[in-house]
Amino acid sequence: MLDSGDLARRYAYPENLRRPWVRASFASTADGSATAGDGVSGDLGGDADDRVFTVLRTLCDVVLVGAGTARAESYAPVLPDEVDGRLRARLGLSPTPPIAVVSERLEFPSALIAPGQLVITHAGSPQRRRAELARTMDVIVAGDDEIHWPTAIAALAERGHRRVQCEGGPTLHGALVDADRIDELCLTIAPMLAAGDGPRIARSPRFAGRTLRLDDLIRHGNVLLTRWTRVDGA
Ligand SMILES: NC(=O)c1ccc[n+]([C@@H]2O[C@H](COP(=O)([O-])OP(=O)(O)OC[C@H]3O[C@@H](n4cnc5c(N)ncnc54)[C@H](OP(=O)(O)O)[C@@H]3O)[C@@H](O)[C@H]2O)c1
């Protein structure tokens, strides 16, 4: 049985963070597919993954997500009953973490166009749309014709968002791996061989080869909940 209190302790962010910490969370099948038969991650990791997902949202300052995932999974602002509000209050966090959606085309679910929610984009994105979104959302422009991740993450930190929970998808994750901005990966491995042509959990034009250390492993029935951190300078 997975206990939420135990999970919250095991998934706690490093104490006294002096710099932003970017944690990616994904579920994949045993053969590495990040999507199930329905083309979205859906309930790949079942109940265990749902619980971890809630704990990870509870512990973060901000949820970072690519527009593709926001579109595929109909993202909306996090509601108070989707996190453990008491734990967030104890940790000194806001009642709910805002969503920061990453997009170049600036097309994502209209539910996200709400006060307190953020957009991360670059100066080459459609200017008129950017201005329109900035009337409601907090728009971070980082980079000229592609997102410059050190600038984007520093902009999140300036807003007090140091515990960054990246919920994918593979394109955003690949860009962050490529930029060496992933500190930790929480990966649920589901008991399924998918075959098909589902994406892996990270994709980018180049091989990155970042070395990880296995920090935690929980077996829940046939599901594995793993937590890995980046080995600095490897
Ligand atoms: N298994 C899992 O745990 C998991 C987790 C998340 C998602 N998924 C699945 O993954 C699939 C979506 O994959 P995806 O790779 O398309 O997802 P994605 O990374 O969420 O979305 C890609 C889109 O996000 C924006 N984006 C991402 N990185 C960017 C960057 N560096 N610069 C500018 N824009 C950037 C772009 O949006 P614009 O097109 O708006 O410019 C891009 O087209 C869905 O089926 C979803 O269900 C699975």
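What you see is a predicted model; the values in this text were computed from it and never measured.

A. Structural view of the overall build of the protein. Broken down by element type, the protein carries seven helices and nine strands. The globule rule puts the C-alpha radius of gyration for 234 residues at 17 Å, and the 17 Å found for the protein is close to it. In terms of its C-alpha atoms, the protein occupies a principal-axis envelope of roughly 50 × 45 × 40 Å. By residue count, 46% of the 234 residues in the protein fall in the buried class. Partitioning the contacts of the protein with sequence separation of at least 6, the portion at a separation of at least 24 is 67%. Across the protein, the centroid of the 28 positively charged side chains sits 4 Å from that of the 31 negatively charged ones.

B. Expanded view of the site of the ligand. As a matter of local geometry, the ligand sits amid 29 residues, with Ala34, Thr69, Glu73, Ser103 and Thr171 nearest to it. Between the ligand and Glu73 there is a distance of 2.4 Å, counted from an oxygen atom to a side-chain nitrogen or oxygen. Taking Gly169, its main chain carries an N or O atom lying 2.8 Å from an oxygen atom of the ligand. Broken down by secondary-structure element, the contributors of at least two residues to the shell around the ligand are strand 1 (21-29), helix 3 (67-72) and helix 7 (170-178). The leading source of residues in the shell around the ligand is helix 3, at five residues. Of the residues assigned to the shell around the ligand, the class counts are 12 nonpolar, 10 polar and seven charged.

C. Here's a closer look at the environment of Val177. You can see Val177 is positioned in helix 7. With residues up to four places along the chain from it excluded, the contact list for Val177 reads Ile182, Ala208 and Arg210.

D. Representation of the nonpolar core within the structure. With 34 residues, the main nonpolar core has Tyr11, Val101, Val119 and Leu225 as its most contacted residues. Residue assignment for this core shows that the elements contributing at least two residues are helix 1 (4-10), helix 2 (46-59), strand 2 (62-66), helix 3, strand 3 (99-102) and strand 9 (223-230). Here this core gets five residues from one element, more than from any other, and that element is helix 2. The residues contacting Leu225, other than those within four sequence positions of it, are Leu2, Tyr11, Ala48, Val52, Leu187, Thr188, Asp216, Leu217 and Ile218. One finds Phe26, Ile147, Trp149 and Ala152 within the second-largest nonpolar core, a separate group that totals 27 residues.

E. How the structure looks around helix 7. Among all positions in helix 7, only Pro170, Leu172, His173, Gly174, Leu176 and Val177 are buried. Those residues of helix 7 that are buried are in contact with strand 1, strand 2, strand 3, helix 6 (149-158), strand 6 (163-166) and strand 7 (184-190). Positive phi appears at Asp180, one or two residues downstream of helix 7, with a value of about 55°.

F. Quick look at the sheet that holds strand 2. The strand order 5-4-3-2-6-1-7-9-8 describes an open sheet built from nine strands, whose pairing is mixed. Since the sheet does not close on itself, it has two edges, and those belong to strand 5 (138-141) and strand 8 (212-220), each with one partner. On average, adjacent strands in this sheet sit at an angle of 20° to one another, irrespective of strand direction. Seen against the sheet, helix 2 touches strand 1, strand 2, strand 3, strand 6, strand 7, strand 8 and strand 9 and runs at an angle of roughly 170° to strand 1.

G. Expanded view of the pairing of strand 8. Pairing between strand 8 and strand 9: eight bridges, direction antiparallel. Residue Asp216 lies in a different strand from strand 9, and its bridge partner there is Arg227. Following strand 8, the chain reverses through two residues before pairing antiparallel with strand 9; Gly221 in that reversal takes a positive phi of roughly 60°.

H. Representation of the pairing of strand 9 within the structure. Burial within strand 9 is extensive, with six of its eight residues counted as buried. The pairing of strand 7 with strand 9 spans six bridges and is classified as antiparallel. Paired with Thr188 across the two strands is Leu225, which belongs to strand 9.

I. Broad picture of the pattern of salt bridges. Scanning the model with the defined rule gives 14 salt bridges in all. For the salt bridge of Asp180 with Arg230, the shortest nitrogen-to-oxygen distance reads 2.7 Å. Of this pair, Asp180 sits in the loop between helix 7 and strand 7 while Arg230 sits in strand 9; the two residues are 50 residues apart in sequence, bridging distant segments of the chain. The exposure class assigned to Arg230 is buried, which follows from its relative accessible area of 13%. Among the salt bridges present, the one from Asp215 reaches Arg213, with a minimum N-O distance of 2.9 Å. Look at the salt bridges and you will find they share partners, linking Asp6, Arg10 and Asp216 into a network.

What counts, and where the lines are drawn
Sequence order sets the numbering: in each chain, residues are counted from 1 along the sequence as written. Local features are withheld for residues below a pLDDT of 70 in this predicted model, meaning they are given only at 70 or higher, and side-chain atom pairs are given and counted only at 80 or more; totals for whole chains, interfaces and linings count all residues. Only heavy atoms go into the side-chain values, all of them from the structure, while hydrogens and water stay out. Counting from the N terminus, the helices are the DSSP runs of H or I reaching at least four residues and the strands are the DSSP runs of E reaching at least two. Radius of gyration here uses only the C-alpha atoms, and the compact-globule reference equals 2.2 Å multiplied by the residue count raised to the power 0.38. Using a 1.4 Å probe on the protein chains alone, a residue whose accessible area is under 20% of its type maximum counts as buried, one over 50% counts as exposed, and one in between counts as partly exposed. Pairs of residues are marked as contacts when any of their non-hydrogen atoms sit within 4.5 Å. Charge assignment in this entry is limited to Lys and Arg as positive and Asp and Glu as negative, and neither His nor the chain termini are counted. A single reference atom marks each charge: NZ on Lys, CZ on Arg, CG on Asp, CD on Glu. If a single non-hydrogen atom of a residue is within 4 Å of a molecule or strand, that residue counts as near it. Polar contacts here mean pairs of N or O atoms no more than 3.5 Å apart (in protein, one a potential hydrogen donor and the other a potential acceptor; neighbouring residues in sequence count only if both atoms are side-chain atoms). Only Asp, Glu, Lys and Arg are considered charged, only Ala, Val, Leu, Ile, Met, Phe, Trp, Tyr, Cys and Pro nonpolar, and every remaining residue, Gly among them, polar. Working definition of a nonpolar core: buried Ala, Val, Leu, Ile, Met, Phe, Trp, Tyr and Cys residues. They are joined through side-chain atoms within 4.5 Å. For two strands to count as paired, DSSP must find a minimum of two bridges between them. A fitted line through C-alpha atoms serves as each axis, taken over the contacting stretch for helices, and the angle formed by two N-to-C directions is quoted from 0 to 180°. Here, a salt bridge means any side-chain nitrogen of Lys or Arg that lies within 4 Å of a carboxyl oxygen of Asp or Glu.

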